[in-house]
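Chains, contacts and geometry: an overview
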Amino acid sequence: MDWAAASADPQYRAAVVDLLGALAYGELAAFERLAEDAKLAPTMADKAELAKMASAEFHHFERLRDRLAEIGEEPTQAMEPFVAAYDGFHKQTAPSDWLEGLVKAYVGDSIASDFYREVAARLDSDTRALVLAVLDDTGHGGFAVEKVRAAIDADPRVGGRLALWARRLMGEALSQSQRVVADRDALSTMLVGGVADGFDLAEVGRMFSRITEAHTKRMAALGLAA
């Protein structure tokens, strides 16, 4: 179904508003974080690269904000329920240096993207297209891998510290995403039976298993043990 047909269901509409609100605030928070992390960059080129990524995140935020307004929702109100979860995650996982910031941008954002891609499979065609578009890699994936692997090659001891850091990020990200889903009735209902073919709670468990598996592969790409 497209949005016009799917949104006739009030519960589905509420779920999509929640989803877009969560995504929008996530993109805004990512913009702020990348802009802040740029201060830790060791070179001007690295600083410019992070600024470019931050700009892409803000553009994604604008698309989500505009879509919420287009469907008659107040963007700030839609984002508000997710401020505490996102801000809590970022407070608990503030990087202490440049490399930790890169791992966080790569690992943390990728976990969130994996989760939203899983949800997107259950969305109407219009909303799915928008969600997938704003989940496009802003370029920090390859950039982070290159920089982190180079740092580990230069000093192998860095790998152990960053591996522990990435495991902490994984735990915090999964904990926050599960809490958000549990707190939002419409969103949790959509997860166990969306507009497309519904799926049961066992499938939700398998979904988180797939997210964990993808995380393990990303850790390997970074040269870190999961």
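Residues numbered from 1 in each chain as written. Predicted model: local features only at pLDDT ≥ 70, side-chain atom pairs only at ≥ 80, totals over all residues. Heavy atoms only, no water.

In the nomenclature of an unreviewed UniProt entry, the protein is known as Ferritin-like domain-containing protein of Streptomyces gancidicus BKS 13-15.

So, about helix α7 (residues 125-134). Within α7, burial applies to Thr127, Leu130, Val131, Ala133 and Val134. Down the axis of α7, the smallest arc covering the buried residues is 165°, so these residues share one side. Contacts made by the buried residues of α7 are with α1 (3-6), α2 (10-37), α3 (44-70) and α6 (98-120). Where α7 starts, the residue carrying a side-chain oxygen 3.2 Å from the main-chain nitrogen of Asp126 turns out to be Asp124. (Buried < 20%, exposed > 50% of the residue type's maximum accessible area, 1.4 Å probe, protein only. Helix = DSSP H or I, 4+ residues; strand = E, 2+ residues; numbered from the N terminus. Arc of directions from axis to C-beta. Contact = heavy atoms within 4.5 Å. Polar contact = N/O pair within 3.5 Å; in protein donor to acceptor, adjacent residues only side chain to side chain.)

Inspection of the entire model under this criterion finds twelve salt bridges. Lys147 serves as the salt-bridge partner of Asp46, at 3.1 Å between the closest nitrogen and oxygen. With Asp46 in helix α3 and Lys147 in helix α8 (residues 140-154), this pair connects stretches of sequence that are 101 residues apart. Residues Glu213 and Lys217 are paired through a salt bridge, measuring 3.9 Å at the closest nitrogen-oxygen approach. Placement of the pair is Glu213 and Lys217 together in helix α11 (residues 201-222), with a separation of four residues, close to one helical turn. When salt bridges that share partners are traced, they join Asp97, Glu100 and Arg161 into one network. (Salt bridge = Lys/Arg side-chain N within 4 Å of Asp/Glu carboxyl O.)

Mapped onto the elements of the fold, Glu146 is located in helix α8. Sequence separation between Glu146 and Gly171 is 25 residues; the distance between their C-alpha atoms is 24 Å.

The N-to-C vectors of α3 and α7 enclose an angle of 160°; their axes lie 9 Å apart at closest approach. Here α3 lies roughly antiparallel to α7, going by the angle between them. Crossing handedness for the pair α3 and α7: left-handed. The residues of α7 that touch α3, namely those facing His60, Arg63, Leu64 and Arg67, are Asp126, Leu130, Ala133 and Val134. For the contact of α3 with α7, a count of residues per class yields four nonpolar, one polar and three charged. (Axes fitted to C-alpha atoms, helices over the stretch in contact; angles between N-to-C directions. Parallel < 35°, antiparallel > 145°, perpendicular 65-115°, else oblique. Left-handed = near helix turned anticlockwise from the far one by under 90°. Nonpolar A, V, L, I, M, F, W, Y, C, P; charged D, E, K, R; others polar.)

You can see Met190 is positioned in helix α10 (residues 185-191). What makes Met190 buried here is its relative accessible area of 5%. In the structure, Met190 is positioned 86 residues away from Lys104 in sequence and 29 Å away in space, judged by C-alpha atoms. Setting aside residues no more than four positions away along its own chain, Met190 makes contact with Tyr12, Ala15, Val119, Arg122 and Leu123.

This paragraph deals with the packing of aromatic side chains. One pass over the full model with this rule turns up seven aromatic pairs. Taken together, a centroid distance of 6.2 Å and an interplanar angle of 80° make the contact between Trp98 and Phe143 edge-to-face. A residue pair is termed long-range when its members are at least 10 positions apart, and Trp98 in helix α6 and Phe143 in helix α8 qualify at 45 residues. Judged by relative accessible area, which is 12%, Trp98 ranks as buried. Clustering of aromatic rings is evident, with ring pairs tying together Phe31, Phe58 and Phe61. (Phe/Tyr/Trp six-rings, centres within 6.5 Å; stacked < 30°, edge-to-face > 60°.)

All right, on to the side chain of Asp18 then. Here Asp18 is to be found in helix α2. Here Asp18 falls in the buried class, since its relative accessible area comes to 7%. Discounting residues that sit within four places of it in the chain, Asp18 has contacts with Phe82, Arg184 and Leu187.

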